[in-house]
Amino acid sequence: MIARRRVYTSPGEFEHLSACVRRGDAGDPALIAEWEQAFAEYVGVPHAAAVNSGRRGLVLTLSHLGLGTGDELIVPAYTFRELLPPIQALGIRPVPADIDSRSLCSTPEAIEARITPRTKAILALHTFGVPFDVDGILSVGRRHSLPVIEDCAHSLGATVNQRQTGSFGDVAFFSFEAIKPVNTFGGGIVVSRDEELIRAIRRDAVAASFNLELLGSKVRSARLERFLFDRHLAGPLLYILATPALKRLGSWLYHRTQPSVPPKSGYTPLQAEIGLRKLENLDERICERAKTSKMLSSLLHSEINVHDVPEGCRSSQYCFVAELPVPAARIRKRMLLKGVDAGVEEELTDNCAAILGDNDCHTLNSVYPRLISLPLFDGITEKQIHRVADVLNNAL
Ligand SMILES: Cc1ncc(COP(=O)(O)O)c(C=O)c1O
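All values derive from a computational prediction rather than experimental measurement. (Residues numbered from 1 in each chain as written. Predicted model: local features only at pLDDT ≥ 70, side-chain atom pairs only at ≥ 80, totals over all residues. Heavy atoms only, no water.)

Under the defined criterion, the tally for this structure stands at 25 salt bridges. Among the ionic pairs, Glu13 bridges to Lys278, the shortest N-O distance being 2.8 Å. Here Glu13, found in helix α1 (residues 13–23), pairs with Lys278, found in helix α11 (residues 269–280); they are 265 residues apart in sequence, far enough to count as distant. Residue Glu13 shares its accessibility class with Lys278, and that shared class is buried. (Salt bridge = Lys/Arg side-chain N within 4 Å of Asp/Glu carboxyl O. Helix = DSSP H or I, 4+ residues; strand = E, 2+ residues; numbered from the N terminus. Buried < 20%, exposed > 50% of the residue type's maximum accessible area, 1.4 Å probe, protein only.)

This is the structure we're talking about:
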């Protein structure tokens, strides 16, 4: 079975983390400041504050930007649905902006069309690591005096004219969940040029406790996933979960793997240590993945549209997403039968416009059922890439 994802770990990482969790050793607290500084330097912004998750980073950002009850926030129509409840819990109404079918990012035009006198900020996502139209969206923000928050959960290492995503907006947040460009088994960071804002976020993010149990359970899930794929046990399980009758169970299991972190628990120094190590070879890994992506694109049937990287931009190669001419769920089942895993619908990310009951995001509604994510991970072989392309082309 060729997995569509493989959690990247440095040699000995699983064992090291498991041993620290067993001993109750959260690591040397000085590592947090070192990680914040190294991260800010990598992104090219002066200030960074480590937080326990991307979601917590967003909540603290919104609160410190002064958003609250009755305000509206423009959000990507196509994004992670678990962002909606914490936004709504602050009394803010998320208003979805439609996407461009090639980049899958919200467009400046769609964002501008949703602005009302109650709009207080714009949240934009570099979807699957492909940068959004930075100039266009920043100028909408400037025209309407609205801060732009970059959601960089997928895009660490992606650039626009050699400048890192996360350095364009007023503030940006990143996530370090399992398959993110840098994985520290959970956690996040907020970056900005605004020192006061970052100081305030750091103050609120300071740990009352470290949740080593949660960290341990994330490490165990990643090890189990790897075991199931390496022993070829994952295929039958995924095939069963792909049958329409079990779709809800699959969806429930999938979302159970992404629980929100309790607000009072902090990002551990142990995670910072892992992050520091992984940041070192991130560029190298992105270059390798870019070569693999290019090869896979060149092998696909001409009716398959590949997620577009605009001129002058580099993608973080978070995942490989293609748009099929037909609904993807059926094709995925055929691929699973041939031993190739692929993701469809909410396994990529969510149609938040539909979740919010908004009927105006026509581009998203049209492409959503036809999107498929194909295997792309560090260490995938040329032979596996050829197999993925053959299986998909034949399934079509
Ligand atoms: C687009 C997007 N934004 C934000 C997040 C939230 O990150 P976290 O899981 O670290 O809270 C995710 C998580 O997958 C995401 O996909």
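Next comes the rest of the account.
Moving on: the site of the ligand. By nearness alone, 15 residues border the ligand, and Gly54, Arg55, Asp151, Ser175 and Lys180 come closest of all. In this structure, Ser175 approaches the ligand through a side-chain N or O atom, which is 2.8 Å from an oxygen atom. When the ligand sits alone it has 380 Å² of accessible area, and the protein chains cover 97% of it. Secondary structure elements with two or more residues in the shell around the ligand: α3 (54–64) and β9 (171–175). Here the residues of the shell around the ligand sort into 5 nonpolar, 6 polar and 4 charged. (Near = heavy atom within 4 Å. Polar contact = N/O pair within 3.5 Å; in protein donor to acceptor, adjacent residues only side chain to side chain. Areas by Shrake-Rupley, 256 points an atom, 1.4 Å probe, with all protein chains shown as cover. Nonpolar A, V, L, I, M, F, W, Y, C, P; charged D, E, K, R; others polar.)

A few words now on the domain arrangement of the protein chain. In terms of domain boundaries, the protein chain breaks down into domain 1 (13–209) and domain 2 (233–258 + 279–395). Each of domain 1 and domain 2 has a C-alpha centre, and these two points are 23 Å apart. With 42 residues of domain 1 at the interface, the matching set in domain 2 holds 41 residues. Both sides together, the interface formed by domain 1 and domain 2 hides about 3,600 Å², and carbon and sulfur atoms give 60% of it. For the pair domain 1 and domain 2, the number of links is 3 salt bridges. For the side of domain 1 that touches domain 2, the elements supplying multiple residues, two or more each, are α2 (30–43), β3 (78–79), α4 (84–89), β4 (93–97) and β7 (159–160). Broken down by element, the side of domain 1 that touches domain 2 gets its largest block of residues, 4 residues, from α2. For the side of domain 1 that touches domain 2, the class distribution of residues is 23 nonpolar, 11 polar and 8 charged. (Domains from an automatic or database assignment. Contact = heavy atoms within 4.5 Å. Buried area = accessible area lost by both parts, 1.4 Å probe.)

Residues other than glycine seldom take positive phi values, yet Leu104 does so here, at roughly 65°. Structurally, the position occupied by Leu104 is in the loop between β4 and α5 (108–113). A positive phi angle is found at Ser145, which is not glycine, with a value near 50°. Examined against the element boundaries, Ser145 turns out to sit in the loop between α6 (134–143) and β6 (148–151). By relative accessible area, which is 67% here, Ser145 ends up exposed.

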